[in-house]
Structures are given as C-alpha cells and as structure tokens.
Amino acid sequence: MDDKSKTKNSEFTEPLFTVTPEAPQDASDKQMMENNLPEQPTTHNKRAIFSTILLFIAAPLIALGLTRYVIRSYEVDGPSMQETLQNQDLLIVNKWPETWAKLTKKQHVPSRHEIIIFDLDEGYGEKRQLVKRVIGLPGERIVVKDNRITVYNKENPSGFNPDKDQSYARPELGTPGEVDVTVGQDEIFARSEEH
C-alpha cells in the first residue's frame, strides 16, 4: 500500500468528535457534586408534599365559598309549585346575582316570573325554606280577587295578568283568597302554583 491510501483510510477511522465526562478538578468539587445530587429530589418532594397539603386545604374552602355565594342545590319538599316543580325535584340555584348585589352594595330584586327560595321565620328561631314564583315587584299594586291576579304599575295603570302567555300558566291555575296590597320598596310579592 502506498502512503496516500493509508492517509485516506485513517481519515475515516478517526472519530469526528469525542465526548469526555468532565472530571472534578479537586476534592472540593467532587464533594460539591455529591452534595448536590440528593438535594434536588428532596426539594422536589417537599414541593410536591406542600402542594398536596395546600390542595387538601384549598379544595374544601373553595367548595364552601361556591355553595355559599355562587350556586347551591336544594330539594323541593311539597307540592306547592306543581306542575312547574315536583316534590323531591333537585334544583341548582344561582346565588351570584344576590352575592354581586351585596358586594356592590345594591339591592337585589329578582325579576318577575323568577322562581326564588327564601327563609320563612316560623318563630322560636325556626326557619323553613319556601319555593315561590315572583309576580309582584316593588311599588306595584297586587289585587287577588275571584281566583285571578291583577298587577298594576306605571307601565300598566289598568292592570295585567302576570301569568298570561307564560309557559307555566294553566287555565286551572288559580290564586285563592282576596288581596289588595301595594308592594313595599324592599319587598316582592310571590306565590305558589298549587291548585
């Protein structure tokens, strides 16, 4: 073989690059490397444990906040809102409008036809929750006579039936009793749908 062929073959057998692990310069560098290795998993484990504990503390607090101020579930007890609501129906109630009104220091007034849940004080510290439909708003005059409801307000001085053309209205739906009342500024007039 001539010298040219030896050169060509040796060019192909030499590696293009080599990787050599960096060796510690002295004993203190070696000790630092050994000390750093166990710390990373330990720090990671501490963070994982801390975040897990934080999650177990935060989750119930968030759930309590949501049920107190945003949404809440209720179960209908009784037939007073039939046919719209049946006994033992489960409801999810949006509490956010009332919460927002409190935060902004404004009065929350439910809209007409809205179904509301409120506490009735029965005396001796006992309260009962009722489900009713709003038909009269602050400042309106409500007249119940001959099983019919008539609402009088500025827009309708001659009165109107709040149940007319509503999806829940039925011909047999009536309101017994005789009432002639003007709703106060911090009040609403609600009724059940039982017939």
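All of these numbers come straight from a predicted model, not from anything done at the bench. (Residues numbered from 1 in each chain as written. Predicted model: local features only at pLDDT ≥ 70, side-chain atom pairs only at ≥ 80, totals over all residues. Heavy atoms only, no water.)

Considering the overall build of the protein
A count of helical and extended segments in the protein gives 3 helices and 8 strands. Traced from its N-terminal end to its C-terminal end, the protein shows the element sequence α-α-β-β-α-β-β-β-β-β-β. Within the span of the protein, comprising 195 residues, buried residues form 20% of the whole. Partitioning the contacts of the protein with sequence separation of at least 6, the portion at a separation of at least 24 is 53%. Working note: accessible area of the protein is about 15500 Å², and carbon and sulfur atoms make up 55% of it. (Helix = DSSP H or I, 4+ residues; strand = E, 2+ residues; numbered from the N terminus. Buried < 20%, exposed > 50% of the residue type's maximum accessible area, 1.4 Å probe, protein only. Contact = heavy atoms within 4.5 Å. Areas by Shrake-Rupley, 256 points an atom, 1.4 Å probe, with all protein chains shown as cover.)

Regarding the sheet that holds strand E3 (residues 115-123)
What the 3 strands build is an open sheet, ordered E3-E4-E8; its pairing is antiparallel. What marks the edges here is a single partner per strand, and that holds for E3 and strand E8 (189-191). Averaged over all adjacent pairs, the angle separating strand axes in this sheet is 60°, with direction ignored. In this sheet, strand E4 (residues 126-136) lies alongside E3 in antiparallel orientation, the contact comprising 8 bridges. For Gly123, the partnering residue across the bridge sits in E4 and is Glu126. (Pairing = 2+ DSSP bridges. Axes fitted to C-alpha atoms, helices over the stretch in contact; angles between N-to-C directions.)

Quick notes on the pattern of salt bridges
Counting across every chain of the model gives 3 salt bridges. With its nearest N and O atoms 3.8 Å apart, the salt bridge here joins Glu98 to Lys102. Of this pair, Glu98 and Lys102 both sit in helix H3 (residues 96-103), 4 residues apart, which is roughly one turn of that helix. A residue is classified by how much of its surface remains accessible, and Glu98, at 39% relative accessible area, is partly exposed. Across the pair Arg141 and Asp180 runs a salt bridge whose closest N-O atoms are separated by 2.8 Å. With Arg141 in strand E5 (residues 141-145) and Asp180 in strand E7 (residues 179-182), this residue pair connects regions lying 39 residues apart in the sequence. (Salt bridge = Lys/Arg side-chain N within 4 Å of Asp/Glu carboxyl O.)

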